[in-house]
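Structural overview
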Amino acid sequence: MKMRKALIVVDVQNDFYETGSLPVSGASQINEAINRAMRDSVYKAIVAGQDWHPSNHMSFAVNHGKEPFTPFDNKKGIGPVLWPVHCQQGTYGAAFHTNIETNRFDYIIRKGTHPHVDSYSIFRENDGTELGTDGLLRALGIEELDICGLALDYCLKYTVHDALLAGFKINVIINGTKGVEANIGDVQRTIEEFRRAGVELIER
Ligand code: VGL
Ligand code: ZN
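Presented here is a report on the structure given in the accompanying data block.

Criteria and thresholds
- Residues numbered from 1 in each chain as written.
- Chains lettered and ligands numbered in written order.
- Predicted model: local features only at pLDDT ≥ 70, side-chain atom pairs only at ≥ 80, totals over all residues.
- Heavy atoms only, no water.
- Pairing = 2+ DSSP bridges.
- Helix = DSSP H or I, 4+ residues; strand = E, 2+ residues; numbered from the N terminus.
- Right-handed = clockwise from strand over helix to strand, strands pointing away.
- Phe/Tyr/Trp six-rings, centres within 6.5 Å; stacked < 30°, edge-to-face > 60°.
- Buried < 20%, exposed > 50% of the residue type's maximum accessible area, 1.4 Å probe, protein only.
- Lys NZ or Arg CZ within 6 Å of the ring centre and 35° of its normal.
- Near = heavy atom within 4 Å.
- Polar contact = N/O pair within 3.5 Å; in protein donor to acceptor, adjacent residues only side chain to side chain.
- 1 Å grid on protein atoms, 1.4 Å probe; cavity = no way out; pocket = protein on both sides within 12 Å on 5 of 7 lines; lining within 4 Å.
- Sits in = over half its atoms within 2 Å of the grid points.
- Nonpolar A, V, L, I, M, F, W, Y, C, P; charged D, E, K, R; others polar.
- Disulfide = S-S within 2.5 Å.
- Donors = N, O, S within 2.8 Å, 3.2 Å for Na, K, Ca; no water.
- Tetrahedral: all angles 85-135°; square planar, octahedral: opposite > 155°, others 65-115°.
- Salt bridge = Lys/Arg side-chain N within 4 Å of Asp/Glu carboxyl O.

Here we come to the pairing of strand S5 (residues 169–178). When strand S4 (residues 144–150) meets S5, the two strands line up parallel, connected through 6 bridges. Among the inter-strand pairings, Leu-150 is bridged to a residue of S5, identified as Lys-178. Each parallel crossover has a hand, and the one from S4 via helix H3 (residues 152–165) to S5 is right-handed. Where S5 lies against strand S6 (residues 200–202), 3 bridges are found, and the strand directions are parallel. By the bridge assignment for S6, Val-172 is matched with Leu-201. As a crossover connection, the stretch from S5 through helix H4 (residues 186–196) into S6 is right-handed.

Structure, rendered in structure tokens:
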């Protein structure tokens, strides 16, 4: 049997869990679904995203002397809002959650490493720079992606968007993701966008 599917696990890092600096409420409830998916042998590869910012990263509100969640968009890779300090390279906040079976990750794609450019999608940075994920998946013969992780309405949404543009069949593991919901309705709107784009919602 040719395995043509990959599992994409987006940013399951401490800072995005309940006690982190940019918490997604209920985040720890998604761990079991993600681990169950990873234990399934249908995947040719498991690829994890890891938000990995230097301390002078310009997505951090403090580096502009501003409050977190202040709207800001320089059209060159930072925005639409500024964030609390999160996922600093090498810190506990940037590490994967201990309940995630990270031994099952085959590849880790780090993103947001350039001080002046943020990166939501694990395919490309917000200024369009490729991270190599598409080339990796193509080289492995992958045609279909199951996508889970954090946060549904940011990094996962942008990852789905770029994966669709790259021509992959996409399934979002709906019990393996949660949203930030910075504005009420963001999660629902994102799910409706997924449906309209032909993304399948699955449970694991
Ligand atoms: C994320 C905001 C800033 C995410 C990363 O992983 O969804 N959100 N950096
Ligand atoms: Zn970030």
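Let us now look at the packing of aromatic side chains. Across all of its chains, the model carries 7 aromatic pairs by this definition. Relative to Tyr-120, the ring of Trp-83 lies with its centre 6.4 Å away and its plane at 85°, an arrangement referred to as edge-to-face. Remark: Tyr-120 occurs in the loop between strand S3 (107–111) and helix H2 (133–139) and Trp-83 occurs in the loop between strand S2 (43–51) and S3; sequence separation between them is 37 residues. Classification of Trp-83 by relative accessible area gives buried; the value is 4%. With a centroid separation of 5.1 Å and an interplanar angle of 50°, the aromatic rings of Tyr-120 and Tyr-158 are classed as tilted. Of this pair, Tyr-120 sits in the loop between S3 and H2 while Tyr-158 sits in helix H3, and the two are 38 residues apart along the sequence. For Tyr-158, a relative accessible area of 31% gives the class partly exposed. Within the aromatic cluster, the residues linked to one another by ring pairs are Phe-69, Trp-83, Tyr-120, Tyr-154 and Tyr-158. Lying across the ring of Trp-52, Arg-110 places its NZ or CZ 3.6 Å from the centre. Its end group placed over the ring of Phe-168, Arg-138 keeps NZ or CZ at 4.0 Å from the ring centre.

What follows is about the site of ligand 1. The full set of residues close to ligand 1 is Asp-11, Phe-16, Leu-22, Asp-51, Trp-83, His-86, Leu-150, Ala-151, Tyr-154 and Cys-155. The separation between an oxygen atom of ligand 1 and a polar side-chain atom of Asp-11 is 2.6 Å. Measuring from a nitrogen atom of ligand 1, one finds a side-chain N or O atom of Asp-51 at 3.0 Å. The cavity that encloses ligand 1 is the largest cavity. Its residues assigned to classes, the shell around ligand 1 shows 7 nonpolar, 1 polar and 2 charged.

Our focus in this paragraph is the state of the cysteines. In protein structure, a disulfide is the covalent linkage between the sulfur atoms of two cysteines. For the structure on display, the rule yields 0 disulfides. Between Cys-87, a free cysteine, and Cys-155, which holds the nearest cysteine sulfur, the sulfur-to-sulfur gap is 8.5 Å.

What follows is about the coordination of the zinc ion (ligand 2). Taken together, the protein ligands of the zinc ion (ligand 2) are Asp-51 (OD), His-53 (NE2) and His-86 (NE2), with distances of 2.0 to 2.2 Å. Around the zinc ion (ligand 2), the 4 donor atoms are arranged such that angles at the metal cover 88 to 170°; this shape is classified as irregular. Going along the chain, you hit the donors of the zinc ion (ligand 2) in the pattern D-x1-H-x32-H. Here His-53, found in the loop between S2 and S3, pairs with His-86, found in the loop between S2 and S3; they are 33 residues apart in sequence, far enough to count as distant. Using a relative accessible area of 0% as the deciding quantity, one classes His-53 as buried.

With that settled, consider the pattern of salt bridges. Pairing between side chains of opposite charge can happen when the charged atoms of each approach one another. Evaluation of the coordinates by the stated rule reveals 16 salt bridges. The salt bridge involving Glu-130 is made with Arg-124; its shortest N-O contact spans 3.2 Å. A salt bridge links Asp-134 to Arg-138, with the nearest nitrogen and oxygen atoms 3.3 Å apart. Of this pair, Asp-134 and Arg-138 both sit in helix H2, separated by 4 residues, roughly a single helical turn. The class of Arg-138 is partly exposed, set by a relative accessible area of 39%. By sharing partners, the salt bridges in this structure join Lys-5, Asp-40, Glu-144, Asp-146 and Arg-204 into a single network.

Purely geometric numbers; function is a separate question.
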